[in-house]
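Given next are the chains, with one letter for each unit.
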Amino acid sequence: MPRVAIIGPGAIGGVLATHLMQTGRHDVVLCARRPIEVLTAETADGPLSVRPRVVIRPDAAPTVDWVLVTTKSYDAAGAAAWFGPLCGPATVVAVLQNGVEHRERFRAFVPADRLLPVVVDLSAERIEPSLIRQRSRGLLTVADDRHGRDFTGLFADTTIATCLTDDFKSAAWRKLCVNAAGVVSALLLRPACVVRDEQVAQLARAIVRETIAVGRAEGAILPDSLVDDVIAREQAAPPNAINSLHADRAAGRPMEVDARNGVIVRLGRKHGIATPCNAMAVTLLTAM
């Protein structure tokens, strides 16, 4: 039975925990700030409720086979504080975070050959500390290597889909294009469908074009058609759908501005590519 620790059981981590635990095939422990008696995910197939094992101090954590990091991207050091007790010599650390710098965030804490970056496409919202609304089925994309194939096996008996790719860099940048466009919703504090307004859509398109240009300079394969694909996805979103950047700003929480848009500005500067729309968004959100 695989031993799995989930660091940061918020919206994404909480959903994954309920799905893994309901199979009965995993020994799951949640690494959290406070106890959770019952964790419930509202899914399209009905609620999934589990009674998780929770540890609230690193020194109480067991050694596991898998560590799933689902904290915000800016809290790498906080997540790494758990690695000492959790990680044995063969433990794999899967990083399920936004952005394209999964390895860069954790290379100071985990050997490179035991790090597994994961692209997460899963819409979920934490309604209460122990209640999460899962808005989409979910897709986890990993590299087609030994760790990636083992990771997909963890979710074999769940409704969370997994995908193996031989071009993880391009997959991560495609997701970043979606996340980058989401900054418009965060700035306006309006749901994703705000891009049905053509003027707003034009701004979102410009943000995605900048992201594509920088991604290509970094070696990602990104078609021009991705611009329209991202905008169509946003326009088709439910009227009340909001992304995590929007939710964090509305709640007054720290935001993942750097991982979602700041990285585009930073890497654009490195390659000599102008990114004025992303730079404006980063400046405004940082000032807020």
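Thresholds, definitions, all that
- Residues numbered from 1 in each chain as written.
- Predicted model: local features only at pLDDT ≥ 70, side-chain atom pairs only at ≥ 80, totals over all residues.
- Heavy atoms only, no water.
- UniProt positions renumbered as here; feature names shortened; annotations may be inferred.
- Helix = DSSP H or I, 4+ residues; strand = E, 2+ residues; numbered from the N terminus.
- 1 Å grid on protein atoms, 1.4 Å probe; cavity = no way out; pocket = protein on both sides within 12 Å on 5 of 7 lines; lining within 4 Å.
- Points joined across faces, edges and corners; volume = space filled by probe spheres on them.
- Nonpolar A, V, L, I, M, F, W, Y, C, P; charged D, E, K, R; others polar.
- Axes fitted to C-alpha atoms, helices over the stretch in contact; angles between N-to-C directions.
- Parallel < 35°, antiparallel > 145°, perpendicular 65-115°, else oblique.
- Left-handed = near helix turned anticlockwise from the far one by under 90°.
- Contact = heavy atoms within 4.5 Å.
- Phe/Tyr/Trp six-rings, centres within 6.5 Å; stacked < 30°, edge-to-face > 60°.
- Buried < 20%, exposed > 50% of the residue type's maximum accessible area, 1.4 Å probe, protein only.
- Pairing = 2+ DSSP bridges.

- As recorded in an unreviewed UniProt entry, the protein goes by the name 2-dehydropantoate 2-reductase, listed as coming from Horticoccus luteus.
- Taken verbatim from the UniProt record of the protein, the Catalytic activity (unreviewed entry) comment is "(R)-pantoate + NADP(+) = 2-dehydropantoate + NADPH + H(+)".
- Quoted straight from UniProt, the Pathway (unreviewed entry) entry for the protein says "Cofactor biosynthesis; (R)-pantothenate biosynthesis; (R)-pantoate from 3-methyl-2-oxobutanoate: step 2/2."

### A short note on the UniProt feature "domain: Ketopantoate reductase N-terminal" (unreviewed entry) in the protein
Thought 1: The sites that UniProt annotates as "domain: Ketopantoate reductase N-terminal" (unreviewed entry) are residues 4-143.
Thought 2: Helix makes up 19% of residues 4-143 and strand 42%, with an end-to-end C-alpha separation of 20 Å.

### With respect to the layout of surface pockets
Thought 1: What the second largest pocket holds in volume is close to 330 Å³.
Thought 2: Considering the residues around the second largest pocket, the lining is formed by 15 residues, among which Val100, Arg103, Glu104, Phe168 and Lys169 are closest to the centre.
Thought 3: Where the lining of the second largest pocket is concerned, the elements lending two or more residues are helix 4 (102-106), strand 8 (115-121) and helix 6 (168-181).
Thought 4: Considered class by class, the residues forming the lining of the second largest pocket number 8 nonpolar, 1 polar and 6 charged.

### Focus on the packing of helix 8 (residues 198-217) against helix 11 (residues 257-271)
Thought 1: Where helix 8 contacts helix 11, the two axes come as close as 9 Å, and the packing angle between them is 50°. Our classification of the angle between helix 8 and helix 11 gives oblique. The two elements helix 8 and helix 11 meet at a crossing, and its hand is left-handed. Counted together, Ile207, Glu210, Thr211, Val214 and Ala217 of helix 8 and Asn261, Ile264, Leu267, Gly268 and His271 of helix 11 form the full contact between these two elements.
Thought 2: Each residue belonging to the contact of helix 8 with helix 11 can be placed in one class, and the counts come to 5 nonpolar, 4 polar and 1 charged.

### Section: the packing of aromatic side chains
Thought 1: Under the definition given, this model contains 4 aromatic pairs.
Thought 2: Ring centres of Phe83 and Phe106 lie 6.0 Å apart, and the angle between their planes is 40°; on these two criteria the pair is classed as tilted. Of the two residues, Phe83 is situated in helix 3 (residues 83-86) and Phe106 in helix 4; the sequence distance between them amounts to 23 residues. Neither residue differs from the other here; Phe83 and Phe106 are each classed as buried.
Thought 3: Among the aromatic residues, ring-to-ring pairing joins Trp66, Phe151 and Phe155 into one connected group.

### What about the sheet that holds strand 2 (residues 27-31)?
Thought 1: Pairing is mixed in the open sheet, where 8 strands are placed in the order 5-2-1-6-7-8-11-12. A single partner strand is all that each edge strand has here, and the edge strands are strand 5 (53-55) and strand 12 (161-165). Averaged over all pairs of adjacent strands, the angle between their axes in this sheet comes to 25°, without regard to strand direction.

### Quick notes on the packing of helix 8 against helix 9 (residues 226-235)
Thought 1: Where helix 8 contacts helix 9, the two axes come as close as 9 Å, and the packing angle between them is 135°. When the axis of helix 8 is compared with that of helix 9, the two are oblique. As helix 8 packs across helix 9, the resulting crossing turns out to be right-handed. Of the residues in helix 9, those touching helix 8 at Ala201, Ala204, Arg205, Val208, Arg209 and Ile212 are Leu226, Val227, Asp228, Val230, Ile231 and Gln235.
Thought 2: Its residues assigned to classes, the contact of helix 8 with helix 9 comprises 8 nonpolar, 1 polar and 3 charged.

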